[in-house]
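Observations on the three-dimensional arrangement
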Amino acid sequence: MADDLDDPLLREINDELKQERLAKLWKSYGGYAVGAALVLVAGVAGVQAWRSYDLKQRTESGERFAAAQALAAKDKSADAVAAFEAIAKDGDGYALLARFRAAALLGSSGNASAAISAYSALVDDTDVEQLYRDLAVVLGSFQELNANGGKSGVLSDKVQALAKGDGPWRLSAKEAAALVALARGDSKGAKALYAELAEFAGAPQALRERANEMLKIIGK
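Report on the accompanying structure. (Residues numbered from 1 in each chain as written. Predicted model: local features only at pLDDT ≥ 70, side-chain atom pairs only at ≥ 80, totals over all residues. Heavy atoms only, no water.)

Structural notes on the overall build of the protein chain
To keep it simple, the criterion reads: In this text, helices come from DSSP runs of H or I with a minimum length of four residues, and strands from runs of E with a minimum of two, each type numbered from the N-terminal end. Here, two residues are considered to be in contact whenever any of their heavy atoms come within 4.5 Å of each other. The method behind every accessible area is Shrake-Rupley, applied with a 1.4 Å probe, and residues are considered shielded solely by the protein chains displayed.
Looking only at helices and strands, the protein chain features ten helices and zero strands. Along the protein chain, helices and strands appear, N-terminal first, in the series α-α-α-α-α-α-α-α-α-α. Expressed as a percentage of contacts within the protein chain between residues at least 6 apart in sequence, the contacts between residues at least 24 apart total 55%. Of the roughly 12,000 Å² of accessible surface on the protein chain, a fraction of 53% belongs to carbon and sulfur atoms.

Structure below.
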């Protein structure tokens, strides 16, 4: 088999098959990492809102946020984004979560460039806690992967550095960084990251399964 892959045509076909499998796998499983991150930020942002505002303000803010969520659930993405951006502009207890939801909706509705800009704004906002700025790096890097395969992009560069740290988003960052490495032709680097994820006992089972599947796709 190794001799067969010395043939340039066969090697090119093999690479294309790997890329096709990669695309299918990411379409099936890629959203889970993003979803888990958003669940956590939603929980923390909700706690902050509860601590920061009196009952009346919390109720009004919660109702506005719920209304924006309802628009998103009805696939009225443009209206939902506008509603979330209005909440974010007002700067109440739901502002941070609203910024993340607006960015996520922009991405899911196919406006990757606007989503990347929204995440970049969060990353660059020094008034936002570093925890959430790092989360924006991870989520924004996924959008860059969707937009151009991660072959270029500031957030794709930043997520590789984040993957080397010990922060709370390091596992999602490693997964994103592995995809970026693959997109940039660094299969060796991608394999190393997937191997770390597959072998890390503390990683969620779904993430370890994706990592093992990617190792099979990449091959030796």
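Let's talk about the pattern of salt bridges
Opposite charge on two side chains lets them pair, provided their charged atoms get close. Just so we agree on the cut-off: A carboxyl oxygen of Asp or Glu within 4 Å of a side-chain nitrogen of Lys or Arg is what we treat as a salt bridge. Relative accessibility under 20% of the residue-type maximum defines a buried residue, over 50% an exposed one, and the middle range a partly exposed one, all with a 1.4 Å probe and only protein chains included.
A complete count under the given rule lists five salt bridges for this structure. Where Asp 125 meets Arg 99, a salt bridge forms, and the shortest distance between an N and an O atom there is 2.9 Å. Placement of Asp 125 in the loop between helix 5 (112–124) and helix 6 (130–148) and of Arg 99 in helix 4 (residues 95–108) is noted, with a sequence separation of 26 residues between them. A salt bridge links Arg 210 to Glu 175; the shortest N-O distance between them is 2.6 Å. Pair noted here: Arg 210 is in helix 10 (residues 205–218) and Glu 175 is in helix 8 (residues 170–183), with a separation of 35 residues, a long-range link. Owing to a relative accessible area of 7%, Arg 210 belongs among the buried residues under this scheme. Residue classification places Glu 175 among the buried positions, given a relative accessible area of 4%.

Structural notes on the packing of aromatic side chains
Using the following cut-off: By convention, a stacked pair of Phe, Tyr or Trp rings (six-membered ring in the case of Trp) has centres within 6.5 Å and planes under 30 degrees apart, an edge-to-face pair has planes over 60 apart, and any other such pair is tilted.
Taken as a whole and judged by the stated rule, the model has three aromatic pairs. Taken together, Phe 65, Phe 84 and Tyr 94 form an aromatic cluster joined through their ring pairs.

Examining helix 10
Here is the rule: The span one expects for a helix is its residue count, reduced by one, times 1.5 Å. To be clear, the arc concerns the directions from the helix axis to the C-beta atoms.
An ideal rise of 1.5 Å per residue puts 20 Å on 14 residues; helix 10 measures up with 20 Å between its terminal C-alpha atoms. Considered for burial, the residues of helix 10 that qualify are Leu 207, Arg 210, Ala 211, Met 214, Ile 217 and Ile 218. Around the axis of helix 10, the buried residues are gathered within 120 degrees of arc, so they sit on the same side. Gly 219 sits one or two residues past helix 10 and shows a positive phi near 80 degrees.

Observations concerning the packing of helix 9 (residues 187–199) against helix 10
Which entries qualify depends on this criterion: Between the N-to-C directions of two axes lies an angle of 0 to 180 degrees, each axis being a line fitted to C-alpha atoms and, for a helix, fitted only over the stretch in contact. Crossing chirality is assigned from the near helix's rotation relative to the far helix, an anticlockwise turn below a right angle marking it left-handed and a clockwise turn marking it right-handed.
For the pair helix 9 and helix 10, the least separation of the axes is 8 Å and the interaxial angle reads 145 degrees. In this structure, helix 9 meets helix 10 at a crossing whose hand is left-handed. Where helix 9 abuts helix 10, its residues Ser 187, Ala 190, Lys 191, Tyr 194, Ala 195, Leu 197 and Ala 198 lie against Leu 207, Arg 208, Ala 211, Asn 212, Met 214, Leu 215 and Ile 218.

Some remarks on the environment of Ala 163
Tracing the backbone through its elements, the reader meets Ala 163 in the loop between helix 7 (154–162) and helix 8. Since its relative accessible area comes to 2%, Ala 163 is described here as buried. The spatial distance from the C-alpha of Ala 163 to the C-alpha of Ala 177 is 6.6 Å, given a sequence separation of 14 residues. Here Ala 163 is in contact with Arg 170, Ala 173, Lys 174 and Ala 177, once residues within four sequence places are set aside.

Side note on the nonpolar core
The criterion, for reference: The criterion is simple. A nonpolar core is a set of buried Ala, Val, Leu, Ile, Met, Phe, Trp, Tyr and Cys residues joined through side-chain atoms within 4.5 Å.
Of all hydrophobic cores here, the largest spans 42 residues; its most connected members are Phe 100, Tyr 119, Leu 122, Val 138, Val 159 and Tyr 194. Sorting the residues of this core by element identifies helix 4, helix 5, helix 6, helix 7, helix 8, helix 9 and helix 10 as the ones contributing at least two each. Of all the elements, helix 8 adds the most residues to this core, at nine residues. In contact with Tyr 119, not counting residues within four places along its chain, are Phe 100, Ala 103, Ala 104, Ala 136, Leu 139, Gly 140, Gln 143 and Leu 155. Core analysis: the second largest hydrophobic core is formed by 13 residues, Phe 65, Ala 80, Ala 102 and Leu 106 among them.

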